[in-house]
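Overview (structure and organization)
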Amino acid sequence: MADSLPSEFDVIVIGTGLPESIIAAACSRSGQRVLHVDSRSYYGGNWASFSFSGLLSWLKEHQENSDIVNECPSWQEKILENEEGIALSRTDKTIQHVEVFCYASQDLHEDVEEAGALQKNHASVTSVNSTEPADSACLPTEDESLSTTSCEIPTEQTPSSDPERALEVNYVQVTGEKEYHCDDKTCFPSTEEKETSENVPVAEDTAEQPKKNRITYSQIIKEGRRFNIDLVSKLLYSRGLLIELLIKSNVSRYAEFKNITRILAFREGRVKQVPCSRADVFNSKQLTMVEKRMLMKFLTFCMEYEEHPDEYKAYEEIAFSEYLKTQKLTPNLQYFVLHSMAMTSETGSSTLDGLRATKNFLHCLGRYGNTPFLFPLYGQGELPQCFCRMCAVFGGIYCLRHSVQCLVVDKESGKCKAIIDQYGQRIISKHFLVEDSYLSENTCSHVQYRQISRAVLITDRSVLKTDSDQQISILTVPAEEPGTFAVRVIELCSSTMTCMKGSYLVHLTCTSSKTAREDLEPVVQKLFTPYTETEIENEKVEKPRLLWGLYFNMRDSSDVSRNSYNDLPSNVYVCSGPDCALGNDNAVKQAEALFQQICPNEDFCPPPPNPEDIILDGDSLQPEVSESSALPEANSETPKESSNLRNPEEPSE
């Protein structure tokens, strides 16, 4: 691969996270020659989404990171006398304090594998026996080996293959069309499952009907390709910067989206639905008629608060929660506005910030549904890939599993002039973009990072049960102790293509004050109950059952200034990883600001040319014609997308 790479580009991008992918697409669209490389085997970096087995492989890679020994770098002998090298890191240190729990029972077939997967990854999960307390289930440390404890269940609970096909993610290796997998130890064809189910007596089958709905760990493994688990949990504001960029650039053709169906609140130990739109407010059975009028009057003011400065000027410097107490709102309404609309805490924002956030929430209502938020089908990891596709369409070159050893800096000018890759090839460029995790400890020795606490849970039902089992919800649980932060909970159903049928995928996120487990476990205990046999017998359990859980801390480099890095040349730009905010505005703002430094006076991600408007009067237009004509073919897998995000100036295709 390295021998065939050109030796010179205009822009070299290292890392395939969302900001880097947007910049690469914008530069390629403006006519720059772009090389986009990533040492990982998948797109997205910490913005990626994984199948279940892919996530277990990712966990295993991070555990083994500490065992990697850096060999003597061969790039030093390639540095000339008038040059110096800036070494890049070979290990990813952005993930810490990883702890995995498995509460779901395992059946007799411990070697059941994900359909189509080539590698086994069971060693990455610690399984919890149903008789053990939850505290005994954590991984000891990142450096210690992981163990697996089996738990037997009757053969009648062996899961059967689902005939539907899930989207194939590019990092999953596929063996073929069959719905079972054979390795050197065991083979599990679908006929064998039928035989085991036939051995169960009919009378027992009818008596144990509720138990057939149990989800086992083996079933999660086997249906693992139906999961698309995000490393970072975010939503898209329907009028946010990322949605506008997707529409403007027409990158939205590469993705599909679903509307978040409900906003929830956690108050007095119970989960409640928050009325958002006018129709929701007046149809709500939780609010009295007086409360409905109070709420509508206040929300109307929030939409027009800038026109009435006298109403809030005296309260600008105090907390938004204190300002709400001065309004004619009941405690119930104050809670809804503060935590579920402004999505802040008692001391988290000023009155002006709270009013601005509430207005933004209301402004986004109604564009695509009855809530302000959208979620991309197949997970957040689709978005970087969409922009990478746009970059490739306009000539960008991509190399995964391709690491860069160092940046080459000219001593006289002080600017970076080239990179040296893993094969020792020198590739020259004018501009270099590097994702923060690739910078070495020497470069980042003075950087102070924040951390994000994350949890990923698989549960058997929703936190708020309704007639429909296809609800997509967002819930904010306020902080209870000083020094801690509110926890954002996003619950995804199977229609988002992120989990198997009959299960829910739950993401918890907050700014770290301790380890992820210490920050998030109290909220998990409030909302869920561990899956145990004794709980199964009691069908009246109100809380959803927790089947599997993962905790980890992720580095937040979004607020690091460029001056914090040591000795970076002026033409080397640093992209941060994901931040803790709900939306993606920071990534878009960062990408646009860096693009303007690289290509001043250029339009940022303009719409692609319409093939019908291109006049074939020269060879220079030929690439655009062929690239544009290829777009409908790339969109053939997502015909429904155009009905979700439409460019108001152009008819949908």
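Residues numbered from 1 in each chain as written. Predicted model: local features only at pLDDT ≥ 70, side-chain atom pairs only at ≥ 80, totals over all residues. Heavy atoms only, no water.

1. Focus: the overall build of the protein chain
Under the convention used in this document: Secondary structure follows DSSP: runs of H or I at least 4 residues long count as helices, runs of E at least 2 residues long count as strands, and numbering of each begins at the N terminus. Per-residue accessibility, obtained with a 1.4 Å probe over protein chains only, is compared with the maximum for each type, and a residue is labelled buried under 20%, exposed over 50%, and partly exposed between these values. By definition, residues are in contact when any of their heavy atoms lie within 4.5 Å. In short, Shrake-Rupley with a 1.4 Å probe defines the accessible areas, and a residue's cover is counted only from the protein chains shown.
Per the secondary structure count, the protein chain includes 16 helices and 23 strands. Buried residues in the protein chain amount to 54% of all 653 residues. Taking contacts inside the protein chain between residues at least 6 apart in sequence as the whole, the part at least 24 apart equals 75%. Here the protein chain has roughly 29,500 Å² of accessible surface; of this, 47% comes from carbon and sulfur atoms.

2. A few points about the sheet that holds strand 11 (residues 373–376)
Sheet strands pair via backbone hydrogen bonds, and the direction of the pair is either parallel or antiparallel. Applied cut-off: Strand pairing is assigned whenever DSSP detects at least two bridges linking the two strands.
Sheet architecture is open: three strands sit in the order 7-11-8, paired in antiparallel fashion. One side of each edge strand has no neighbouring strand; the edge strands of this open sheet are strand 7 (236–237) and strand 8 (257–259).

3. Focus: the side chain of Ser 494
Turning to its location among the elements, Ser 494 is positioned in the loop between strand 19 (487–492) and strand 20 (504–511). Every residue in contact with Ser 494, bar those within four places of it in the chain, is listed here: Gln 470, Cys 499, Met 500, Lys 501 and Ser 503.

4. Observations concerning the nonpolar core
Rule in force here: Take the buried Ala, Val, Leu, Ile, Met, Phe, Trp, Tyr and Cys residues and link them wherever side-chain atoms come within 4.5 Å; each set so joined is a nonpolar core.
Of all hydrophobic cores here, the largest spans 98 residues; its most connected members are Phe 52, Phe 298, Leu 508 and Trp 548. If you look at the next biggest cluster of nonpolar residues, it comprises 45 residues, including Ala 26, Leu 374, Leu 383 and Ala 591.

5. Here's the deal with the packing of helix 8 (residues 289–303) against helix 11 (residues 351–364)
Inclusion rule: Axis angles are defined between N-to-C directions and span 0 to 180 degrees, where every axis is a line fitted to C-alpha atoms and, for a helix, only to the segment in contact. Convention used here: angles under 35 degrees read as roughly parallel, angles over 145 as roughly antiparallel, angles from 65 to 115 as roughly perpendicular, and any remaining angle as oblique. The classification used treats Ala, Val, Leu, Ile, Met, Phe, Trp, Tyr, Cys and Pro as nonpolar, Asp, Glu, Lys and Arg as charged, and all other residues, Gly among them, as polar.
Where helix 8 contacts helix 11, the axes come no closer than 8 Å and their chain directions differ by 100°. As the angle between them shows, helix 8 and helix 11 are arranged roughly perpendicular. Only Leu 355, Thr 358, Lys 359, Leu 362 and His 363 of helix 11 make contact with helix 8, whose side of the interface consists of Leu 299, Phe 301, Cys 302 and Met 303. Looking at side-chain class alone, the contact of helix 8 with helix 11 contains six nonpolar, two polar and one charged residues.

6. Observations concerning unusual backbone geometry
Not every positive phi belongs to a glycine, and His 97 is a case in point at roughly 55°. Along the chain, His 97 turns up in strand 5 (residues 95–102). His 97 gets classed as partly exposed once you look at its relative accessible area, which sits at 37%.

7. Observations concerning the pattern of salt bridges
The condition is simple: By salt bridge we mean one thing: a side-chain nitrogen of Lys or Arg within 4 Å of a carboxyl oxygen of Asp or Glu.
Under the criterion given, the structure shown has 23 salt bridges. In this structure, Arg 555 engages Asp 436 in a salt bridge whose closest nitrogen and oxygen atoms are separated by 2.8 Å. You can see Arg 555 sitting in strand 22 (residues 545–556) and its partner Asp 436 sitting in the loop between strand 16 (431–435) and strand 17 (450–459), a full 119 residues away along the chain. You'll find Arg 555 and Asp 436 in the same group, each marked buried. The residue Asp 460 makes a salt bridge to Arg 545 at a minimum N-O spacing of 3.1 Å. Here the residue Asp 460 occupies a position in the loop between strand 17 and strand 18 (473–477), and Arg 545 occupies one in strand 22, the gap between them amounting to 85 residues. With relative accessibility at 19%, the residue Asp 460 sits in the buried group. Residue classification places Arg 545 among the buried residues on the basis of a relative accessible area of 10%. A cluster of three or more residues bridged by salt bridges with shared partners is formed by Asp 10, Arg 33 and Lys 430.

8. Focus on the packing of aromatic side chains
For any pair of aromatic rings, the description consists of the separation of the ring centres together with the inter-plane angle of the planes. Our working rule: Planes of paired rings set the category: under 30 degrees apart is stacked, over 60 is edge-to-face and the rest tilted, where pairs are Phe, Tyr or Trp rings (Trp by its six-membered ring) whose centres lie within 6.5 Å. Criterion for a charge above a ring: Arg CZ or Lys NZ at most 6 Å from the ring centre, at most 35 degrees from the ring normal.
Overall, the coordinates contain 16 aromatic pairs when judged by the stated rule. Relative to Tyr 217, the ring of Phe 52 has its centre 6.1 Å away and its plane inclined at 70°; by these criteria the two rings are edge-to-face. Separated by 165 residues along the polypeptide, Phe 52 in helix 2 (residues 52–64) and Tyr 217 in helix 5 (residues 217–222) bring together distant segments of the chain. For Phe 52, a relative accessible area of 1% gives the class buried. Ring centres 5.5 Å apart and planes at 50° place the aromatic pair Phe 595 and Phe 604 in the tilted group. As far as the burial class goes, Phe 595 and Phe 604 line up, both buried. One residue, Arg 555, lies across the ring of Tyr 449, its end atom 4.1 Å from the ring centre.

9. Focus: the pairing of strand 20
The buried fraction of strand 20 is high, at seven of eight residues. Note that strand 17 and strand 20 share eight bridges and pair antiparallel. In the strand pairing of strand 20, Arg 454 is matched with Thr 509. In the sheet, strand 19 pairs with strand 20 via five bridges, with the strands oriented antiparallel. Bridge assignment links Val 489 to a residue of strand 20, and that residue is Leu 508.

10. Examining the confidence of the model for the protein chain
The condition that has to hold: The predictor's confidence in any single residue is recorded as pLDDT, a number from 0 to 100.
Scored by pLDDT, the protein chain comes out at a mean of 78, with 74% of its residues at no less than 70. Segment residues 648–653: pLDDT under 50, and six contacts once partners within four positions in sequence are set aside and those in other chains are kept.

11. Points about helix 12 (residues 382–393)
Rule in force here: Helix span is expected to be 1.5 Å times the residue number reduced by one.
Its twelve residues place the ends of helix 12 16 Å apart at the C-alpha level, agreeing with the 16 Å of an ideal helix rising 1.5 Å per residue. Taking burial as the measure, the twelve residues of helix 12 include nine buried ones, the bulk of the element. Every buried residue of helix 12 is accounted for by Glu 382, Leu 383, Pro 384, Cys 386, Phe 387, Cys 388, Met 390, Cys 391 and Val 393. Looking one or two places after helix 12, you find Gly 395, whose phi comes out positive at around 105°.

12. Some points on the sheet that holds strand 15 (residues 426–428)
Overall, antiparallel pairing links the four strands, which are arranged 4-13-14-15 in an open sheet. Each edge of the open sheet carries a strand with a single partner, namely strand 4 (83–87) and strand 15. Taken over all neighbouring pairs, the strand axes of this sheet differ in orientation by 30° on average, direction set aside. With five bridges connecting them, strand 13 (residues 404–410) and strand 14 (residues 416–421) associate as antiparallel partners. Looking at strand 14, one finds that Val 404 is bridged to Asp 421.

13. Regarding the packing of helix 6 (residues 241–249) against helix 15 (residues 585–598)
Their axes nearest at 8 Å, the elements helix 6 and helix 15 cross at an angle of 55°. As judged from the angle between their axes, helix 6 and helix 15 are oblique. Counted together, Leu 241, Leu 242 and Leu 245 of helix 6 and Asp 585, Val 588 and Lys 589 of helix 15 form the full contact between these two elements.

14. Focus: the environment of Gly 54
Inspection of the secondary structure puts Gly 54 in helix 2. The spatial distance from the C-alpha of Gly 54 to the C-alpha of Ile 229 is 9.1 Å, given a sequence separation of 175 residues.

15. Observations regarding the environment of Thr 326
Keep this limit in mind: Whenever a nitrogen or oxygen atom comes within 3.5 Å of another N or O atom, the pair is scored as a polar contact, on the condition that within protein one atom can donate a hydrogen and the other can accept it, and that pairs from neighbouring residues in sequence are kept only if both atoms are in side chains.
Its location among the elements puts Thr 326 in helix 9 (residues 320–326). For Thr 326 and Tyr 315, which are eleven residues apart along the polypeptide, the C-alpha to C-alpha distance reads 9.5 Å. From its side chain, Thr 326 meets the backbone oxygen of Tyr 323 in a polar contact 2.5 Å long. Polar side-chain contacts of Thr 326 include one of 3.2 Å to the side chain of Gln 327.

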